[in-house]
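Residues per chain are reported as follows:
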Amino acid sequence: MEGSPSTITATLLPGAGKLLEAHARELPQRDDLCGAFCGALALHAAGLERDGDGPLDQDTIALAAGSLVSAEADPGILPAGESGRRDYRLELPRIADGARSGTTAAGVVRGIEVVSGGSVCAIPLAGPWTVATLAGAYELALEQRGPTALLANHATHHLWGSHPSAEQLLAHLLRGAAEGPAPDWDVGHFACIVGRVEGPAGVLYVVADTYPALGSRGLHLQPAAQLAAAIAREDKPAGGVIAVVAAESADAFRAGARDLGLHEELWDNGTPEAQV
């Protein structure tokens with residue numbers, strides 16, 4: 001009925017509070033360590049703070065994951081307002097071809113599981129990625145009893161720009177409007193999905209990104225269709241989502257993912273891997 005109230009609801013994944021606290025402390029990612037940055041956040045969400053006598057940070061995951069750092073900085077590939085960060089705490093392997101730097105999906109999975117000592121499982125979900133499977137994966141994560149993180153390996157040029165107006169966000173939620181700002185940049189990237197906002201006609205996912213220039217200190221909202229297309233990465237090397245769940249919940253999560261039609265397998269995101 002015209003004039004009736006509209007309801008907008010918001011949810012955060014289990015453990016999102018700790019993840020977001022670590023996110024605020026750790027920003028920005030060091031150059032080429034987006035996957036490792038997100039892996040560290042997932043472990044903080046699970047309550048892990050230290051790696052032996054040292055901090056558990058993006059360098060910790062990068063070393064265990066076989067991340068490759070570009071030999072030379074290239075600020076031109078970064079989002080506007082970012083100049084890069086190369087104050088690495090640990091000595092990491094270098095690669096001359098900066099276009100191939102970063103972390104493989106296999107490396108992120110291994111780094112998380114090794115550093116956690118097996119207390120969590122990192123489950124790679126290669127797709128197919130649609131609005132429906134993204135919603136199903138989020139619901140599955142939301143149902144977990146313990147902290148759960150979703151690490152999206154995606155293509156940024158499918159996303160809305162990270163500074164939409166309140167009018168654009170509400171138009172999407174209330175009317176399903178698809179008009180949003182142009183993408184901020186065009187790379188293959190990792191970021192964390194931490195929450196969801198649902199309206200009568202549209203859905204927005206809360207993304208914890210790796211640079212403070214994106215959104216509000218690295219937090220921005222993305223429509224379901226844009227985020228699903230970004231993860232599908234049909235016009236770039238493959239993408240997917242790594243679900244990080246408590247080890248005791250892994251079998252149930254895997255079964256739920258299979259029921260959604262999601263395939264548990266690693267993907268090749270175009271980055272080679274250092275020997276670790």
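The following refers to the structure shown. (Residues numbered from 1 in each chain as written. Predicted model: local features only at pLDDT ≥ 70, side-chain atom pairs only at ≥ 80, totals over all residues. Heavy atoms only, no water.)

Describing the pattern of salt bridges
Opposite charge on two side chains makes pairing possible when the charged atoms of those side chains draw close.
Turning to step 1, where the next piece is worked out: Following the criterion strictly, the structure yields 10 salt bridges and no others.
Turning to step 2, where the next piece is worked out: The partner of Glu139 in a salt bridge is Arg196, and the shortest N-O contact between them spans 2.3 Å. Taken as a pair, Glu139 in helix α5 (residues 131–142) and Arg196 in strand β8 (residues 188–198) lie far apart in primary sequence, 57 residues in all.
Turning to step 3, where the next piece is worked out: A salt bridge links Asp186 to Lys236, with the nearest nitrogen and oxygen atoms 3.3 Å apart. Of this pair, Asp186 sits in the loop between α6 (166–175) and β8 while Lys236 sits in the loop between α7 (224–232) and β11 (240–246); the two residues are 50 residues apart in sequence, bridging distant segments of the chain.
Turning to step 4, where the next piece is worked out: A residue is classified by how much of its surface remains accessible, and Asp186, at 47% relative accessible area, is partly exposed.
Turning to step 5, where the next piece is worked out: Members of the salt-bridge network, linked through shared partners, are Arg30, Asp59, Arg85 and Asp87. (Salt bridge = Lys/Arg side-chain N within 4 Å of Asp/Glu carboxyl O. Helix = DSSP H or I, 4+ residues; strand = E, 2+ residues; numbered from the N terminus. Buried < 20%, exposed > 50% of the residue type's maximum accessible area, 1.4 Å probe, protein only.)

Description of the packing of helix α2 (residues 34–45) against helix α3 (residues 58–65)
Turning to step 1, where the next piece is worked out: Two numbers describe how α2 lies on α3: the axes approach to 8 Å, and their chain directions differ by 115 degrees. The pairing of α2 with α3 is recorded here as roughly perpendicular in orientation. Classified by chirality, the crossing of α3 by α2 is right-handed. Of the residues in α3, those touching α2 at Ala36, Phe37, Gly39, Ala40 and Leu43 are Gln58, Ile61 and Ala62.
Turning to step 2, where the next piece is worked out: The class makeup of the residues in the contact of α2 with α3 is six nonpolar, two polar and no charged. (Axes fitted to C-alpha atoms, helices over the stretch in contact; angles between N-to-C directions. Parallel < 35°, antiparallel > 145°, perpendicular 65-115°, else oblique. Left-handed = near helix turned anticlockwise from the far one by under 90°. Contact = heavy atoms within 4.5 Å. Nonpolar A, V, L, I, M, F, W, Y, C, P; charged D, E, K, R; others polar.)

Some points on unusual backbone geometry
Peptide bonds are trans in most cases, and residues, glycine excluded, mostly fall at negative phi.
Turning to step 1, where the next piece is worked out: The amide bond that connects Leu27 to the next residue, Pro28, takes the cis arrangement and shows omega of -10 degrees.
Turning to step 2, where the next piece is worked out: Here the bond from Gly127 into Pro128 is cis, since omega is 5 degrees, no more than 30 degrees from zero.
Turning to step 3, where the next piece is worked out: Within the secondary structure layout, Pro128 lies in the loop between β6 (120–127) and α5.
Turning to step 4, where the next piece is worked out: The phi angle at Arg217 is positive, at roughly 50 degrees, despite the residue not being glycine.
Turning to step 5, where the next piece is worked out: Within the secondary structure layout, Arg217 lies in the loop between β9 (203–208) and β10 (219–223).

A look at the side chain of Arg30
Turning to step 1, where the next piece is worked out: Mapped onto the secondary structure, Arg30 falls in the loop between α1 (16–26) and α2.
Turning to step 2, where the next piece is worked out: A distance of 2.7 Å separates the side chain of Arg30 from the side chain of Asp59, its partner in a polar contact.
Turning to step 3, where the next piece is worked out: Beyond its immediate stretch of four places on either side in the chain, Arg30 contacts Asp57, Gln58, Asp59, Arg85, Asp87, Tyr88 and Arg89. (Polar contact = N/O pair within 3.5 Å; in protein donor to acceptor, adjacent residues only side chain to side chain.)

Section: a nonpolar patch on the surface
Turning to step 1, where the next piece is worked out: A cluster of nonpolar side chains, Ile8, Leu170 and Leu174, forms an exposed patch at the surface whose accessible area comes to about 230 Å².
Turning to step 2, where the next piece is worked out: Its location among the elements puts Leu174 in helix α6.
Turning to step 3, where the next piece is worked out: Owing to a relative accessible area of 35%, Leu174 belongs among the partly exposed residues under this scheme. (Patch = residues over 30% accessible without salt bridge, like charges linked within 9 Å, V, L, I, M, F, W, Y side chains within 5 Å. Areas by Shrake-Rupley, 256 points an atom, 1.4 Å probe, with all protein chains shown as cover.)

Some remarks on the environment of Trp185
Turning to step 1, where the next piece is worked out: Locating Trp185 in the fold gives a position in the loop between α6 and β8.
Turning to step 2, where the next piece is worked out: Remark: the alpha-carbon pair of Trp185 and Asp32, spanning 153 residues in sequence, is separated by 15 Å.

What to know about the pairing of β11
Turning to step 1, where the next piece is worked out: Of all seven residues in β11, seven are buried, a share of seventy percent or more.
Turning to step 2, where the next piece is worked out: Sheet topology places β6 next to β11; six bridges connect them, and they run antiparallel. Of the residues in β11, the one forming a bridge with Cys121 is Val245.
Turning to step 3, where the next piece is worked out: Strand direction decides the pairing type here: strand β7 (residues 149–155) and β11, joined by five bridges, are antiparallel. Counterpart to Leu150 in the pairing with β11 is Ala243. (Pairing = 2+ DSSP bridges.)

Description of the pairing of β9
Turning to step 1, where the next piece is worked out: Within β9, five of the six residues are buried, leaving the element largely enclosed by the surrounding structure.
Turning to step 2, where the next piece is worked out: Sheet topology places β8 next to β9; six bridges connect them, and they run antiparallel. By the bridge assignment for β9, Arg196 is matched with Tyr205.
Turning to step 3, where the next piece is worked out: In sequence, β8 turns back onto β9 through a hairpin of four residues.

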